[in-house]
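So you can see what is in the structure, the chains are spelled out below.
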Amino acid sequence: GAIVLLGRIPGTPAWDGIYAEDLGIFLRNALQHPWQLLIPYAGYMQLVPQTLGQIAALLPLQDAAAFYAITGALIASACALFIFHASAGHIQSPVLRALLALAVVLLPVAPLEIVDSGVNTPWYLMMALFWAILWRPRTRAGMALVAAIAFLTVTSNTLAVVFAPLLLLRIIALPRWREHAVTIGFALGA
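Now for a quick tour of the structure. (Residues numbered from 1 in each chain as written. Predicted model: local features only at pLDDT ≥ 70, side-chain atom pairs only at ≥ 80, totals over all residues. Heavy atoms only, no water.)

**Comments concerning the packing of aromatic side chains**
No. 1: This model, assessed by the stated rule, comprises five aromatic pairs.
No. 2: With 6.2 Å between their ring centres and 45° between their planes, Phe-130 and Phe-163 make a pair best called tilted. With Phe-130 in helix H7 (residues 121-134) and Phe-163 in the loop between helix H8 (140-154) and helix H9 (164-173), the pair connects residues that are 33 residues apart, well separated along the chain.
No. 3: The class for Phe-163 is buried, based on a relative accessible area of 12%.
No. 4: Cluster of aromatic residues (ring-pair linked, three or more members): Phe-130, Trp-131 and Phe-163. (Phe/Tyr/Trp six-rings, centres within 6.5 Å; stacked < 30°, edge-to-face > 60°. Helix = DSSP H or I, 4+ residues; strand = E, 2+ residues; numbered from the N terminus. Buried < 20%, exposed > 50% of the residue type's maximum accessible area, 1.4 Å probe, protein only.)

This is the structure we're talking about:
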């Protein structure tokens, strides 16, 4: 998935240029204010892009573009893989689940705006959050994963609030605390 995403950018390869706010906002903030992850941008905190900026700042500057491109592609691919697994309770056919995951990787508008960058990884996390809310993990690792997805999404994209009604329905339908790792991650992130 990451290789497909990296190859989707026409013209200059994604690893040869830094896109959007990754350079002008997050990398610059990381260089000026090391490990101050709570600096708001555009009125809200963006934890994942801020963290990626901090890590990119540790690398030689000429490697920052490759870091952002590869990391963005890996995060998007990981979200697609998560969606494949988390959707199993709703979509029984592995072929249909694979098509759903492939749709995340091959999102038609991605090369125009969101593919292979740090600043736009929260959009892929939003897709993963939807399936994290619907999924009922049975293991502690699964619960930790959905809590992390919820926390990282909410702390990186304020539009995650649109999932609050779905979480409320989850609380009503599933009253046991064991079922609410995603709700706890969401609440902590909020």
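**Considerations on the packing of helix H3 (residues 47-58) against helix H4 (residues 64-86)**
Describing two packed helices takes the angle between their axes plus the distance from one axis to the other.
No. 1: Contact pair H3 / H4: the axes reach a minimum separation of 9 Å and the direction vectors enclose 140°. Judged by the angle between their axes, H3 and H4 are oblique. Of the two elements, H3 crosses H4, and the hand of that crossing is right-handed. Here Leu-52, Gly-53, Ile-55 and Ala-56 of H3 come into contact with H4, specifically with Ala-64, Phe-67, Tyr-68, Thr-71 and Ile-75.
No. 2: Among the residues making up the contact of H3 with H4, the classes are represented as seven nonpolar, two polar and no charged. (Axes fitted to C-alpha atoms, helices over the stretch in contact; angles between N-to-C directions. Parallel < 35°, antiparallel > 145°, perpendicular 65-115°, else oblique. Left-handed = near helix turned anticlockwise from the far one by under 90°. Contact = heavy atoms within 4.5 Å. Nonpolar A, V, L, I, M, F, W, Y, C, P; charged D, E, K, R; others polar.)

**Focus: the side chain of Gln-54**
No. 1: Within the secondary structure, Gln-54 is located in helix H3.
No. 2: Filtering out sequence-adjacent residues up to four positions away, Gln-54 remains in contact with Asn-29, Ala-30, His-33, Pro-34, Trp-35, Gln-36 and Leu-37.

**Quick look at the packing of H8 against helix H10 (residues 181-189)**
No. 1: One way to put it is that H8 packs onto H10 with a least axis distance of 7 Å and a crossing angle of 25°. With respect to their mutual orientation, H8 and H10 come out roughly parallel. Remark: the crossing between H8 and H10 carries right-handed chirality. Counting all contacts with H8, which are made through Met-143, Val-146, Ala-147, Ala-150, Phe-151 and Val-154, the residues of H10 involved are Ala-181, Val-182, Gly-185, Phe-186, Leu-188 and Gly-189.
No. 2: In the contact of H8 with H10, the residues fall into ten nonpolar, two polar and no charged.

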